[in-house]
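Chain residues, written in single-letter form:
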Amino acid sequence: MKIGTPKEVIEGEARVAMTPDSALQLQKLGHDCVIEAGAGKAAGFSDKDYKSAGVEVVKTAAALWKAADVVAKVRPPVDAEMKRLRDGQTLISFFNPGGNETQMNAAAKKGATVVAMEMVPRISRAQKMDALSSMANIAGYRAVIEAGNNFGRFFTGQITAAGKVPPAKVLVVGAGVAGLAAIGTSTSLGAITYAFDVRPEVAEQVESMGAEFVYLDFEEEQTDGAATGGYASVSSPEFREAQLAKFRELAPEVDIVITTALIPNREAPELWTEDMVKAMKPGSVIVDLAAEKGGNCKLTVMDEKIVTDNGVTIIGYTDFPSRMAAQSSSLYATNIRHLMTDLTPDKDGVINHDMEDDVIRGATVTHAKEVTFPPPPPKVQAIAAAPKKEVAPEPTPEERKAAEVAAFKKQTMTQVGLLGVGGLLLLLVGLVAPASFMQHFIVFVLSVFVGFQVIWGVSHSLHTPLMAVTNAISSIIILGALIQIGSSSFLITLLAALAVFMAAINIFGGFLVTRRMLAMFQKS
Amino acid sequence: MEFGFTTAAYVVAAVLFIFSLGGLSGQESAKRAVWYGIVGMGIAVLATLIGPGSGLLLLSLILIAAGAAVGYQLATKVQMTQMPELVAIMHSLVGLAAVFVGFNADIMINTMSTLFAENGQVLGAVKEGTRHTAIGLPKEIYNDLSAFGQLIAKKSSVEIGILRIELVLGIWIGAVTFTGSVIAYGKLAGRVDSAAKKLPGGHMLNAGAAALSLILTIMYLSGSGSWTLVLLTLLALFIGYHLIMGIGGADMPVVVSMLNSYSGWAAAAIGFSLGNDLLIVVGALVGSSGAILSYIMCKAMNRSFVSVILGGFGGAQGEQMAVEGEQIAIDADGVAAALNEAQSIVIIPGYGMAVAQAQQAVSELTNKLRAKGKNVRFAIHPVAGRLPGHMNVLLAEARVPYDIVLEMDEINDDFPDTDVAIVIGSNDIVNPAAQDDPNSPIAGMPVLECWKAKQVFVSKRGQGTGYSGIENPLFYKENTRMFYGDAKDSVSSLLPKID
């Protein structure tokens, strides 16, 4: 199959869906690659680079659409491009299927297959083709950089000969991929970073990135993030109130606010109200990553940077990834390449559009002249739902007391039983055995008891030294040999001598080794 | 300088030995405790040497000195990782010594009865009407006897019967300990295949040998002569060999402590036959200590003691859960990056760390991470390694402070708050199948729940299964990354990357 990438038509879009690197990988799958002249220029890839990677370069967009069986691009197609789409062709790009019904129907009618990159399901297997995440990562990073660009102070606090600089305070609202990336960038620049999210389970992730999670004084059964594929859902009005109150409290303190709150297929929720903007210090910066969906702040103007009357800069750019075109192109092209790998299971250059596959099915919005959006829920849950813990009922004091009494009784019973049996056995032995034996026997039994009592107290980590010590003192058998060695019989003397020798090895070896080991144990 | 003095010395020695074992309850007091043991042993040996009945003082001293030289060599040359082998081989010496002393007692009894017969008397005859034995030997002859000979001469025939039972027990247990320890040594040192092996016939062979031993004992007691004792010893040697051959490498901690216990019981039995209370006391102490250790080990593995002794894992009932997913490898850079980011790290060492001699590298890594203010701790499973407490000793050797080395129960609850768990050369003790899969051969064994940590790195030689041959689902978990390679090289390669 021939995979082609046209130059992005929308103005200001610098990304490109194929890089020389990804083209090489695609060719390994058995595909041919074709690209429109100048498509990679804005992202820093020249036509020469593509040629040397074995990509065919065609002059015009029309020629490219004609030549390619699969068209991979970044932005949703414009009408002119839709016209070029033909029967049997596959289009891979962002498509916004939720709000793009006309184009979707048109594509289906034509018999083209459309794979929408934003519809790749959020399951582990599909992470490598999750372009939303890879772009959000860049957006989060870039948001902090843009904010820094428009912020007149350092991020990190410094005490210099020329005066003291307080550290900047950054608030990140929404700890999704973009939010986490922003948190990471901001903390590594040295700012004091706070983060908020409606999903309390991400608090841990936030803290792991070095930011402080902003908790609300609010108790509500939160929807388990797992139920919505890891995305945030709409929260209750009471929750919203508590949240806004917290933000109002924070507004005069923070220098930079980065909002990333998006709810799938909905208008962005308003989180940073006008009065909060008014309460902020002059020179503060707001970066609204939700600008495309109306913005988390109502003052945000899409694709523009404005300065309010009280000197707060509000950045509403929607092209953060495009502003880092080289980086985002290579990530996006890799996402596309991974998707193609899944579409070409046999690596023979033949596309097998398997509608049974969770990932492919989920991302495909038109196929075989039919609209296949929205997809059925994936068979694999994105995140394992937190298992509901069964809490064992706390025993009442009476029950506990009863249990204790029962345990005590049982213990007494076993102890008395054992003592009884043991005593009886001893008596039986005593009946037959002579007194001289019994004397030794008593010593033996008592020693066993002492042994049991003492050994239970030995600490776990000292078990090896214990073995070495007991080994050393078990060579007390040397006494027996020493008593016998003076015998008149040569054989006895020989055996006893051997026994003395071996036991002596053991005594010295055992104690020395133990001392060596114990000397090593040290407190920090 | 009569018996009174010796007995007094023995009492002191016995008390010192008890203190010595009791002192092992803490790391600091343990250092003192060893001295108690040494002094106790010194007093006991000295008292016996200058006490009644010992002859050939010079020879004894020379032999002790020679033994000391060998023991010193052994103890100072041995690597800490070879500790299990050393302990095992030293047990075999005690076992063999017990066999020799037991045989001596038998020879002595025979000599005595010949001596009595020569003088027209019967050994062990009881004077009419009293319960006192008539020694009956002419005074000169009696005084010429060694202390042990005199002891036997004074015994009644019932007492001599009991004496024989005791020495049979001593010899039998000693012989089992001897071959068992030699095989255990071979397995630990890798000279004998560590897999559980049995001759055809398996348990029946052991049972047959044991039954035959019993018959021989009865024959010996009824006076069939010393050849029965020799045959009995051979049987016991065989049982020791076969018993330990049938136990797999993973159960070695139990085996070693069990053999430790045996050597104690052998000493106690010999103590009975020699009428020496100190031998009985110490034998009982060692015997019960070994028994308790074995019990603790078995409990830690959720295995019945009997099934361990009889060898091999009990057969699994039903199909084991199939393991899904794939093992994902990671390189040193990835691990180092995760470690640099982590705040709380738990290291789980196992036998693989000992084999690769990686404890120094692990210690260095720990120091570096701790210097960066990270919370680094060690989680030790009770049966990690091949000897009870094996890991503690290795880490102590590498100068890891013991207060960051924690037991399973102390640390298991902390895993959910742990950023990175590093598994170094352990397998079964971190196997989640013990909890999840009722059909797993190790079902119910308490394990370290490292998979609850945010990330788990497993340092491992290759993709094979562990000692028990059980598949480990941990390696397939989503938060697990496999860090293949020799543990020492792997950990060392991390060191320069931690900054």
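Residues numbered from 1 in each chain as written. Chains lettered and ligands numbered in written order. Predicted model: local features only at pLDDT ≥ 70, side-chain atom pairs only at ≥ 80, totals over all residues. Heavy atoms only, no water.

*Asks:* Sorry if this is basic, but what is going on with the overall build of chain B here?
*Replies:* Within chain B, the regular secondary structure consists of 19 helices and six strands. For chain B, with 499 residues in total, the buried portion stands at 56%. Counted over contacts in chain B with a minimum sequence separation of 6, partners at least 24 positions apart contribute 77%. Within the structure as shown, chain B displays about 19,500 Å² of accessible surface, and the carbon and sulfur contribution to it stands at 61%. (Helix = DSSP H or I, 4+ residues; strand = E, 2+ residues; numbered from the N terminus. Buried < 20%, exposed > 50% of the residue type's maximum accessible area, 1.4 Å probe, protein only. Contact = heavy atoms within 4.5 Å. Areas by Shrake-Rupley, 256 points an atom, 1.4 Å probe, with all protein chains shown as cover.)

*Asks:* Which parts of the structure should I look at to understand empty space enclosed by the protein?
*Replies:* In this approach, a probe sized like a water molecule rolls over the atoms, and the result shows the empty space that is left. One pass over the full model with this rule turns up four cavities of 30 Å³ or more. Quantified by volume, the largest cavity comes out at close to 90 Å³. Looking at the largest cavity, the residues that line it are A:P434, A:S436, A:F437, A:H440, B:K155, B:E159, B:I162, B:L163, B:E166 and B:F272. Elements supplying a minimum of two residues to the lining of the largest cavity: α15 (435-456) of chain A together with α7 (157-188) of chain B. The leading source of residues in the lining of the largest cavity is α7(B), at four residues. (1 Å grid on protein atoms, 1.4 Å probe; cavity = no way out; pocket = protein on both sides within 12 Å on 5 of 7 lines; lining within 4 Å. Points joined across faces, edges and corners; volume = space filled by probe spheres on them.)

*Asks:* Looking at this model, I keep getting lost on the packing of α15(A) against helix α11 (residues 277-301) of chain B. Mind explaining?
*Replies:* Two measures define how a pair of helices packs: the angle their axes make with one another and the distance between the axes. At a closest axis distance of 8 Å, the pairing of α15(A) and α11(B) adopts a crossing angle of 40°. Overall, the two elements α15(A) and α11(B) adopt an arrangement that is oblique. By crossing handedness, the relation of α15(A) to α11(B) is classed as right-handed. Along its contact with α15(A), which presents A:H440, A:V443, A:F444, A:S447, A:V448, A:V450, A:G451, A:F452, A:I455 and A:W456, the element α11(B) presents B:D277, B:I280, B:V281, B:A284, B:L285, B:S288, B:S289, B:I292, B:Y295 and B:I296. (Axes fitted to C-alpha atoms, helices over the stretch in contact; angles between N-to-C directions. Parallel < 35°, antiparallel > 145°, perpendicular 65-115°, else oblique. Left-handed = near helix turned anticlockwise from the far one by under 90°.)

*Asks:* Before we go on, may I ask you to explain the pairing of strand β13 (residues 285-288) of chain A in this structure?
*Replies:* Where a strand is regular, its side chains alternate between the two sheet faces. All names here are of chain A. What you see with β13 is no split at all: V285 and V287 on one side and I286 and D288 on the other are buried throughout. As judged from the four bridges shared by strand β12 (residues 256-259) and β13, these two strands associate in the parallel manner. Pairing of T259 across the sheet is with D288, part of β13. Examined bridge by bridge, β13 and strand β15 (residues 313-315) share three bridges and lie parallel to one another. (Pairing = 2+ DSSP bridges.)

*Asks:* How should I be thinking about the packing of aromatic side chains in this particular structure?
*Replies:* The relative placement of two aromatic rings is captured by the distance of their centres and the angle of their planes. Using the criterion set out here, one finds 13 aromatic pairs over all chains in the structure. Geometrically, the ring pair formed by A:F196 and A:F213 is stacked, given 6.5 Å between the ring centres and 20° between the ring planes. Pair noted here: A:F196 is in strand β10 (residues 192-196) and A:F213 is in strand β11 (residues 212-213), with a separation of 17 residues, a long-range link. The exposure class assigned to A:F196 is buried, which follows from its relative accessible area of 2%. Under the relative-accessibility criterion, A:F213 is labelled buried at 7%. Taken together, the ring pairs connect A:F196, A:F213, A:Y215, A:F247 and A:W272 into an aromatic cluster. One Lys or Arg, A:R323, reaches over the ring of A:Y317 and ends 3.6 Å from the middle of that ring. Directly above the ring of B:Y220 sits B:R164, whose terminal nitrogen or CZ lies 5.3 Å from the centroid. (Phe/Tyr/Trp six-rings, centres within 6.5 Å; stacked < 30°, edge-to-face > 60°. Lys NZ or Arg CZ within 6 Å of the ring centre and 35° of its normal.)

These figures come from the coordinates and say nothing about function on their own.
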